[in-house]
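Listed below, chain by chain, are the residues.
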Amino acid sequence: MAAFVIAGGKRLEGEHILQGAKNSALPILAATVASGGECVVHGCPRLSDVDATLNILRHLGCGVRQEGHTVTVDASTLCHGAIPGILMHEMRSSIVFLGPLLAALGYAELTAPGGCEIGLRPIGLHLDAMRALGVELHNDAGRLSFSAGQGLRGARFSLSFPSVGATENLMIAAARAKGVTVLSNAAREPEILDLARFLNACGARVTGAGGGTVVIEGVARLHGAEHTVIPDRIAAVTFLTAAAVTGGELLLRKAVPEHMDAVLATLEQAGCRLRRLPEGILLRAPQRLRHLPSLRTMPYPGFPTDAQAGMMALAGIAAGTTIVTETIFENRFRHVAELCRMGANIRVEDRVAVVEGVARLHGAEVDACDLRAGAALSVAGLAAEGTTRVRDIRHIERGCERLETALSALGASIYKEEEAESNEQTDSAGSAAERN
Ligand code: UD1
């Protein structure tokens, strides 16, 4: 189990170029299947979730080439629509292949992607959306077979909750349906607009994406296209909070302030000075962070659930009390126990966490229980006195590209320990952490 070993207390300073958005790259790479042609997708971060997506594409018969951050997918060789359980389970968002396969082949065979660390991740909304387009579903002991025997048909459909993944699946499938689809209560995340732009570059007719109602006029065929994914607004939170908790100064190149209003407003309320520049975001941290206004996670443009853990790490050392309410996922406070191991003072009752800021955290052994929690614990480690060891960082590597290299370049003392070492070795991690 690889770990990050962090010697805290180093002020971060400098520039970092933000990676492309994982949550855009994954659905766009899946959507290449629907194009039937050759797609060139730039800005794909080097992450294990992207690798899992490329493995599924290869399994389906697509040609895949990855050079740096550019992925070329040739979907003209797509040969079947069945994804085995082992590939479905590698990554939770594998369900976003459902719409593309139905669009391309009129059928798909998948297993449910399963629950995960942050909650159940049900797929009922995805299924309802597909049914609305005329898709039939058979469940054979967990193996789900979908078929659009009569072809996909445009429809009016309203999501009972603006699910990001269900919006994506519906948009992609409807792009090849007969007739017009009107989706209400659609998710409005920037990644939805990015997907619509990609689909339109492939010849689709999608309007209204990024708003609550998306209209998709089905077309008979799509074609390949070239596209660059938007920068990662969630990875941005990791870097901005890392600079903030170390009293640092960071120019985050490529960050798009308009995608991050709720997060930036929160950082400003914590006392950070921000400049929204054409090339990115410049953050200057105060001597001592102030407590945050009450934070409540909401669908976009509300405060993102993916930023909740990172902001809680910050609130943990801010002066005063912050109340955090998680409304999106039912099990997204697992980082709290780990932060408390580092000396944080946080109480949780159901979906509400009360964070009493402490003057300082101390290093500890903690578990990166999920992707964003792991990144947040790394941020906390940067601010803590002594050495923090964040274990099981494969979760972090699903979403953050070479975090240790990027933070080191900004002055942090962090390195990746490939395999678990013995306790004696761990005890001397403080001096080892000085290696960079
Ligand atoms: C996406 C993001 C994830 C982010 C989440 C919410 C990707 C790859 N992942 O996940 O990082 O945390 O949006 O912003 O883009 N739900 C149902 N039934 C369904 C689908 C969802 O009840 O069929 C519920 C979920 O349990 C959850 C809520 O809806 O409580 C939000 O889920 P959703 O927006 O679908 O998230 P994902 O697309 O899985």
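Structure shown above.
These numbers come from a predicted model, not from an experiment.

A.B. asks: Got a minute to help me understand the overall build of the protein in this structure?
C.D. replies: If you tally the helices and strands in the protein, you get 16 helices and 23 strands. Rg of the C-alpha trace for the protein: 22 Å, near the compact-globule value of 22 Å for 436 residues, within the 12% margin. Each of the three principal axes of the protein carries a C-alpha extent, and together these read 65 × 40 × 40 Å. Among the 436 residues that make up the protein, the fraction classed as buried is 58%. When contacts within the protein are restricted to residue pairs at least 6 apart in sequence, long-range pairs at least 24 apart make up 71% of them. When the accessible area of the protein is evaluated, it comes to approximately 16600 Å², of which 49% is carbon and sulfur surface. Considering the protein, the positive charge centre built from 42 side chains and the negative charge centre built from 47 side chains are found 5 Å apart.

A.B. asks: What is the right way to look at the site of the ligand in this model?
C.D. replies: Near the ligand you find 17 residues, and of these Leu125, Ser163, Val164, Asp306 and Ile328 are the closest. Here aspartate 306 contributes a side-chain N or O atom positioned 2.6 Å from an oxygen atom of the ligand. Relative to its unbound accessible surface of 730 Å², the ligand loses 82% to contact with the protein. Taken together, the elements giving at least two residues each to the shell around the ligand come down to helix 5 (124–132) and helix 6 (164–174). Residues that form the shell around the ligand fall into these classes: 7 nonpolar, 7 polar and 3 charged.

A.B. asks: Explain empty space enclosed by the protein to me, please; I cannot follow it from the model alone.
C.D. replies: Space left empty within the atom packing is revealed by a probe, the size of a water molecule, rolled over the atoms. Applying the stated criterion across every chain, the model contains 2 cavities of 30 Å³ or more. Considering only enclosed or pocket space, the largest cavity measures out at about 60 Å³ in volume. What lines the largest cavity is simply Ile234, Val237, Thr238, Thr241, Asp306, Ala307, Gly310, Arg372, Ala375, Ala376 and Val379. Among the elements of the structure, helix 8 (233–245) and helix 12 (371–383) are those that each provide at least two residues to the lining of the largest cavity. Taken together, the residues of the lining of the largest cavity sort by class into 6 nonpolar, 3 polar and 2 charged. Estimated volume of the second largest cavity: approximately 30 Å³. Those elements giving two or more residues to the lining of the second largest cavity turn out to be helix 10 (308–316) and helix 12.

A.B. asks: Whenever I open this one, helix 2 (residues 48–59) confuses me. Can you help?
C.D. replies: Think of an α-helix as turning once every 3.6 residues; residues three or four places apart then point the same way. Look at helix 2: 16 Å from first C-alpha to last across 12 residues, which is about the 16 Å you get at 1.5 Å a residue. Restricting attention to buried positions, one finds in helix 2 the residues Asp49, Val50, Ala52, Thr53, Leu54, Ile56 and Leu57. Taken together, the buried residues of helix 2 touch helix 1 (22–35), strand 4 (63–67), strand 5 (70–74) and helix 3 (85–90).

A.B. asks: Any chance you could explain the environment of alanine 412 here in plain terms?
C.D. replies: Among the structural elements, alanine 412 can be located in the loop between helix 14 (403–409) and strand 23 (413–417). Residues alanine 412 and isoleucine 6, 406 residues apart in the sequence, show an inter-C-alpha distance of 7.9 Å.

A.B. asks: Just to check I follow, could you spell out helix 1 for this structure?
C.D. replies: Across its 14 residues, helix 1 extends 20 Å between first and last C-alpha, which sits within 8% of the 20 Å expected from 1.5 Å per residue. Along helix 1, 13 of the 14 residues are buried, which leaves the element largely enclosed by surrounding structure. Glycine 36, located one to two residues past helix 1, shows a positive phi value of around 70°.

A.B. asks: What's the story with the pairing of strand 7 (residues 136–140) in this structure? I'm lost.
C.D. replies: Where a strand is regular, its side chains alternate between the two sheet faces. Among the 5 residues that make up strand 7, 0 are buried, leaving the element largely open to the surroundings. As defined by bridge partners, strand 7 adjoins strand 8 (residues 143–147) across 5 bridges and the pair is classed as antiparallel. Along strand 8, the bridge assignment pairs glutamate 136 with serine 147. Where strand 7 folds back onto strand 8 in an antiparallel hairpin, the turn is made up of 2 residues, including alanine 141, whose phi is positive at roughly 50°.

A.B. asks: What is the right way to read the environment of proline 122 from this model?
C.D. replies: Its place among the elements puts proline 122 in the loop between strand 6 (107–111) and helix 5. Look at proline 122 and you get exposed, because its relative accessible area is 66%. Sequence-wise, proline 122 and cysteine 400 are 278 residues apart; in three dimensions their C-alpha atoms are separated by 25 Å.

A.B. asks: Would you mind going over the side chain of aspartate 370 with me for this structure?
C.D. replies: Within the secondary structure, aspartate 370 is located in the loop between strand 21 (365–367) and helix 12. No salt bridge is formed by the buried aspartate 370, whose closest oppositely charged neighbour, arginine 332, lies at an N-O distance of 4.6 Å. A distance of 3.0 Å separates a polar atom in the side chain of aspartate 370 from the backbone nitrogen of alanine 373.

Calculation notes
Residues numbered from 1 in each chain as written. Predicted model: local features only at pLDDT ≥ 70, side-chain atom pairs only at ≥ 80, totals over all residues. Heavy atoms only, no water. Helix = DSSP H or I, 4+ residues; strand = E, 2+ residues; numbered from the N terminus. Rg over C-alpha atoms; globule rule 2.2 N^0.38 Å. Buried < 20%, exposed > 50% of the residue type's maximum accessible area, 1.4 Å probe, protein only. Contact = heavy atoms within 4.5 Å. Areas by Shrake-Rupley, 256 points an atom, 1.4 Å probe, with all protein chains shown as cover. Lys, Arg positive; Asp, Glu negative; His and termini not counted. Charge placed at Lys NZ, Arg CZ, Asp CG, Glu CD. Near = heavy atom within 4 Å. Polar contact = N/O pair within 3.5 Å; in protein donor to acceptor, adjacent residues only side chain to side chain. Nonpolar A, V, L, I, M, F, W, Y, C, P; charged D, E, K, R; others polar. 1 Å grid on protein atoms, 1.4 Å probe; cavity = no way out; pocket = protein on both sides within 12 Å on 5 of 7 lines; lining within 4 Å. Points joined across faces, edges and corners; volume = space filled by probe spheres on them. Expected span 1.5 Å × (residues − 1). Pairing = 2+ DSSP bridges. Salt bridge = Lys/Arg side-chain N within 4 Å of Asp/Glu carboxyl O.

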